[in-house]
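If you want the building blocks of each chain, they are given just below.
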Amino acid sequence: MAAIGFTAAAPLAGFSSVAYAAETVRAEIGKPLQEAQKLAAAGKNKEALAKLKETDSVGGKSANETYLIERTRASAAAAAGDNDAAAKAFESVINSGKLSAAEQPKFTQALAGIYYRAKDYPKAITWIQRALKDNPNDGQMHDLLIQTYYISGKYAEAAKELSSAKGASEQNLQMLANIQLKQNDKAGYVQTLEKLAGSYPKTSYWADLLNRVSGKPGFSPTLSLDVLRLRLINGLLSKPSEYLEMAQLSLQAGNPAESIKIIDQGYKKGILGTGADAPRHQRLKDLAAKTQVEFDTKAAAVEAEAVKAKDADALANLGYGLVSAGKADKGLALMDQAVKLGTGRNPEAIKLHYGIAQSIAGKKAPALATLKTVKGTDGTADLARYWTLNINHPM
């Protein structure tokens, strides 16, 4: 799977206009300084920078004179796109000790942004960290730090920041996923992909997630239908072969009602019932309808036999089939018995199906509670998590 893309952009940190300090300014400083400020105010920033050079040859500047010159230079240079001059001027102003408590973080942020745009990432990181030291909750600076780490190849540092972030944005999660792919951290990538699918559900995230769970070592082929169920509900089935496979697996699982719904959806979307294979599609549709009639006829006898034999698998399969057929109360009761017996071939899969059936029946809270109990290393626990994500954040 190709790396998920993201867009990194540095914020344009602003700063307030020049204000004179209380101390006096000598005429040889004041005159070119005022002219430079007027030029800058008129948008003539390069001319303003040229005018300020007249002050550079004046010796014996007071701290206040230097501060006012560099503050004006910082504003003009930043507006003119002269990053080198702007950076030096900003550092001078910040280190002057004359900025107010309200202005200090604005200038620090602006300097961090200047170094970022100049692609001087080590210095950008230094000043971003300084800004965050003054204001740890500055989300804009925190995002810029992560972007700077990423762009400069400091993937471990970026991943650490991203992993510790609360309520990460989609962009930041995409960046973390990219880093994990670069570092071949497959487990970490899947965890991040789960967060993306859960918080920002998109077909691309779900497609990648379900492809990966199916290819995971130890994944049980008996759960293939459950993967297709998630693919269907997330709009990932698009080929006749996919609909046919799912419908056939549903019939094999003893769930003709589900098979009928899948086939009907395929017909409704124009995926089935057309082309050279249309007769084949019709035969499967007829078979599903016939099997449903047989299911309804034999349901009572199958239930009695399963209850007598305490056959958890038979109870679970019958129960799921009844839920799919719209008989939720009866079906869920049978599935509950199957879960309590705990004697099926795969008790965790039975719990998984019980949770899915509860969800289909519109019982969200019980479904989430059931899915939370699903364990197993064959894919059942993974699929239970994915159903939880889907229930909480549907496409």
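Residues numbered from 1 in each chain as written. Predicted model: local features only at pLDDT ≥ 70, side-chain atom pairs only at ≥ 80, totals over all residues. Heavy atoms only, no water.

(A) Examining the overall build of the chain more closely. Scanning the chain for helices and strands turns up 20 helices and 0 strands. Radius of gyration (C-alpha) of the chain: 33 Å, far over the 21 Å computed for a compact globule of 395 residues. Seen through its principal axes, the chain has C-alpha atoms that stretch 105 × 45 × 35 Å. Scored against the burial criterion, the 395 residues of the chain give a buried share of 45%. Pairs at least 24 residues apart make up 58% of the contacts formed inside the chain by residues separated by at least 6 positions. Total accessible area computed for the chain in this model is approximately 19300 Å², and 53% of it derives from carbon and sulfur atoms. (Helix = DSSP H or I, 4+ residues; strand = E, 2+ residues; numbered from the N terminus. Rg over C-alpha atoms; globule rule 2.2 N^0.38 Å. Buried < 20%, exposed > 50% of the residue type's maximum accessible area, 1.4 Å probe, protein only. Contact = heavy atoms within 4.5 Å. Areas by Shrake-Rupley, 256 points an atom, 1.4 Å probe, with all protein chains shown as cover.)

(B) Here's a closer look at the UniProt feature "repeat: TPR" (unreviewed entry) in the chain. Here the UniProt feature "repeat: TPR" (unreviewed entry) sits at residues 105-138. Between the end C-alpha atoms of residues 105-138 the distance is 10 Å, and the span holds 79% helix and 0% strand. (UniProt positions renumbered as here; feature names shortened; annotations may be inferred.)

(C) Region of the structure containing the environment of Gly344. One can find Gly344 in the loop between α17 (328-341) and α18 (347-360). Sequence separation between Gly344 and Asp313 is 31 residues, and the spatial gap between their C-alpha atoms is 5.2 Å.

(D) Focus on the packing of aromatic side chains. Scanning the model with the defined rule gives 4 aromatic pairs in all. On the basis of an interplanar angle of 65° and a centroid distance of 5.5 Å, the ring pair of Tyr150 and Tyr155 is categorised as edge-to-face. Classification of Tyr155 by relative accessible area gives partly exposed; the value is 26%. Ring centres of Trp206 and Tyr386 lie 6.3 Å apart, and the angle between their planes is 85°; this geometry places the pair in the edge-to-face category. (Phe/Tyr/Trp six-rings, centres within 6.5 Å; stacked < 30°, edge-to-face > 60°.)

(E) Expanded view of the side chain of Gln37. By the secondary structure assignment, Gln37 is in helix α1 (residues 27-41). At 3.3 Å, the side chain of Gln37 forms a polar contact with the side chain of Thr72. (Polar contact = N/O pair within 3.5 Å; in protein donor to acceptor, adjacent residues only side chain to side chain.)

(F) Local environment of the nonpolar core. Counting 46 residues, the largest nonpolar core has Phe90, Leu111, Ile128 and Met141 as its most contacted members. Grouped together as the second largest cluster of nonpolar side chains are 35 residues, Ala197, Leu210, Leu332 and Leu371 included. (Core = buried A, V, L, I, M, F, W, Y, C linked by side-chain atoms within 4.5 Å.)

(G) Structural context of helix α2 (residues 45-56). For α2, which comprises 12 residues, the first-to-last C-alpha distance of 17 Å matches the rise-based estimate of 16 Å (1.5 Å per residue) to within 8%. Packing partners of the buried residues in α2 comprise α1 and α3 (63-80). (Expected span 1.5 Å × (residues − 1).)

(H) Examining the layout of surface pockets more closely. Empty space within the largest pocket amounts to approximately 550 Å³. If you go around the largest pocket, you meet 21 residues; those closest to its centre are Thr222, Ala253, Asn317, Arg345 and His353. If you list the elements that add at least two residues to the lining of the largest pocket, you get α12 (224-233), α13 (240-252), α16 (312-324) and α18. Partitioned by chemical class, the residues of the lining of the largest pocket number 10 nonpolar, 7 polar and 4 charged. Going through the elements one at a time, α12, α14 (256-268), α16 and α18 are the ones with two or more residues in the lining of the second largest pocket. Ranked by residue count, the leading element in the lining of the second largest pocket is α14, at 4 residues. Class assignment for the residues of the lining of the second largest pocket results in 8 nonpolar, 3 polar and 3 charged. (1 Å grid on protein atoms, 1.4 Å probe; cavity = no way out; pocket = protein on both sides within 12 Å on 5 of 7 lines; lining within 4 Å. Points joined across faces, edges and corners; volume = space filled by probe spheres on them. Nonpolar A, V, L, I, M, F, W, Y, C, P; charged D, E, K, R; others polar.)

(I) Local environment of the side chain of Glu103. Inspection of the secondary structure assignment puts Glu103 in helix α5 (residues 103-117). Overall, Glu103 belongs to the buried group, its relative accessible area being 17%. Side-chain polar atoms of Glu103 contact the side chain of Arg71, separated by 2.7 Å.

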